[in-house]
Amino acid sequence: MPYTVFTPYKNKWLSKFTESLISVYNPISNFYKFKLDFPSLETLGFTESPIKVQPYNLVHLETYDAIRDYPFIDQTTYVSPYLRFGLISPRKLIKIALKKNATYLSELIWREFFMQILFHFPKVVTENFKSKYNQIVWRNNEQDFEKWCKGETGFPIVDAGMRQLNKTGYMHNRVRMITAGFLCKHLLIDWRWGEAYFAEKLLDYDLSANNGNWQWAAGTGCDAAPYFRIFNPSEQIKKFDKELKYINKWVTNFNELSYPQPIVEHKFARERALLAYKKGLNS
C-alpha cells in the first residue's frame, strides 16, 4: 500500500536510502556535437516573455532551515524551475542536501511524496483526496477571486505574494501557504481555482507538488493541515515580515490611499470557514 502520510514515508525513504542511489552522471559529451536546427519561438507562434528565470544559487543551504520562512531575506535557491524541467538532477540536490541541510533534504522528500501520491491516486487532479470534504459548499465569488489574483485583497502579505507571482513567476514558499490558505478559508473559494491560477503563473509549476500543496492548504489532501488551522494574515506579518520589507517591495501602493481596504474581516471569515467545513463534513 502506498504511503499517504508524509512522516512515515520520509522515515521509510531515509531507512532505504543509500549513497549508491545518488550517483550523479555527467551528460554524454557527444550529445552536444549534434547540430540541430531548432525552430524559433516565432515559428512556433510564441514570443519571448519579459519574465525571466533567475539563476539558481545553493550557497545559503547551510542556513536554509533558519531563513526559509522569511520572504524579505530573499535567499531562496531559485532552483525549482531547473528541477522541474530536468536541468538539474534531484540526485545532485539530494547529495548536496545530505552534507548541508537536513531540512532542505526533507523538502526534496516532500516533492517525491507528492509524486507518488499523484501516481497512486490520480483522482487528486480533479478531486479531493479525502472524499469526506466533497460536500463543502464553496462561495466561489468571482469578484473576490479576481481581487485575490491581482493582489488587491487589502491583506498586505497576501497581496505582496500575488503581486510577486504575477510580476516574476515566483512566490516565496511561506507566502504560498498564506495566499493559498487565505483563498480557501478566508474567501471560501475552491482550491482548484487557486491551483489553476498558480499553474498558469508559476515558473516552477509541477502538477504533483502544486496539487499536493493546494490540498494541504485547503485541508482536503492526504497529509493536510487540519481544516480548523486558519492563518491570521496579520499574525503572519508579525512573525515573518514584521518590518514590512517584503510587503513594501511588492505592494508599492501600500502606504497610499489607492491601497484597498480588507475585503473581509479575519474573525468573521474564520468563523464562516469553520461553519462551512463542519457542515460539509456532517452532511
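Cut-offs applied
Residues numbered from 1 in each chain as written. Predicted model: local features only at pLDDT ≥ 70, side-chain atom pairs only at ≥ 80, totals over all residues. Heavy atoms only, no water. Axes fitted to C-alpha atoms, helices over the stretch in contact; angles between N-to-C directions. Helix = DSSP H or I, 4+ residues; strand = E, 2+ residues; numbered from the N terminus. Left-handed = near helix turned anticlockwise from the far one by under 90°. Contact = heavy atoms within 4.5 Å. Nonpolar A, V, L, I, M, F, W, Y, C, P; charged D, E, K, R; others polar. 1 Å grid on protein atoms, 1.4 Å probe; cavity = no way out; pocket = protein on both sides within 12 Å on 5 of 7 lines; lining within 4 Å. Points joined across faces, edges and corners; volume = space filled by probe spheres on them. Core = buried A, V, L, I, M, F, W, Y, C linked by side-chain atoms within 4.5 Å. Buried < 20%, exposed > 50% of the residue type's maximum accessible area, 1.4 Å probe, protein only. Arc of directions from axis to C-beta. Polar contact = N/O pair within 3.5 Å; in protein donor to acceptor, adjacent residues only side chain to side chain. Parallel < 35°, antiparallel > 145°, perpendicular 65-115°, else oblique. Phe/Tyr/Trp six-rings, centres within 6.5 Å; stacked < 30°, edge-to-face > 60°. Lys NZ or Arg CZ within 6 Å of the ring centre and 35° of its normal.

1. What to know about the packing of helix 9 (residues 191-201) against helix 10 (residues 207-218)
At their nearest, the axes of helix 9 and helix 10 sit 10 Å apart, and the two run at 145° to each other. Crossing of helix 9 against helix 10: the hand is right-handed. Facing Trp191, Gly194, Glu195, Phe198 and Ala199 of helix 9, the residues of helix 10 in contact are Leu207, Asn210, Asn211, Trp214, Gln215 and Ala218. Split into classes, the residues belonging to the contact of helix 9 with helix 10 amount to six nonpolar, four polar and one charged.

2. A look at the layout of surface pockets
If you add up the space inside the largest pocket, you get close to 1500 Å³. Contributing to the lining of the largest pocket are 50 residues, with Glu107, Met171, Asn173, Arg176 and Asp204 lying nearest its centre. Those elements that place two or more of their residues in the lining of the largest pocket are helix 2 (64-67), helix 3 (80-84), helix 5 (102-120), helix 7 (156-168), helix 8 (173-186), helix 10 and helix 12 (245-250). By residue class, the composition of the lining of the largest pocket is 26 nonpolar, 11 polar and 13 charged.

3. Some remarks on the nonpolar core
In this structure, Trp148, Val158, Met162, Phe198, Trp214 and Tyr277 are the most contacted members of the largest nonpolar core, which totals 45 residues. Once you skip the residues sitting within four places of it in the chain, Trp214 turns out to touch Trp148, Ala180, Leu183, Cys184, Trp191, Gly194, Glu195 and Phe198. The next biggest cluster of nonpolar side chains, apart from the first, holds 25 residues, and it includes Leu61, Ile88, Leu108 and Phe129.

4. Focus: helix 11 (residues 233-240)
Turning to helix 11, its buried residues are Pro233, Gln236, Ile237 and Phe240. Buried residues in helix 11, looked at end-on, bunch into an arc of 105°, giving them a common side. For helix 11, exposure combined with an orientation more than 90 degrees from the buried face picks out Lys238 and Lys239. Buried residues along helix 11 sit against helix 7, helix 8, helix 12 and helix 13 (266-282). Regarding helix 11, its N-cap is Asn232, as a side-chain oxygen of that residue lies 2.9 Å from the backbone nitrogen of Ser234 further along.

5. A look at the packing of helix 7 against helix 8
In a packed pair of helices, the relevant descriptors are the angle between the two axes and the axis-to-axis distance. Contact geometry for helix 7 and helix 8: axes closest at 9 Å, N-to-C directions at 110°. Relative to helix 8, the element helix 7 lies roughly perpendicular. As helix 7 packs across helix 8, the resulting crossing turns out to be left-handed. Taking contact as the criterion, the partners of Ile157, Val158, Gly161 and Met162 in helix 7 are, on helix 8, Val175, Ile178, Thr179 and Phe182.

6. A look at the packing of aromatic side chains
In this structure the tally under the stated criterion is 27 aromatic pairs. Pairing Phe145 with Trp193 gives two aromatic rings, centres 5.2 Å apart and planes at 80°, and the pair type is edge-to-face. Linking Phe145 in helix 6 (residues 142-150) with Trp193 in helix 9, this pair joins segments that are 48 residues apart in sequence. Residue classification places Phe145 among the buried residues on the basis of a relative accessible area of 16%. With relative accessibility at 27%, the residue Trp193 sits in the partly exposed group. Cation over ring: Arg84 sits above Phe85, and NZ or CZ is 4.6 Å from the ring centre.

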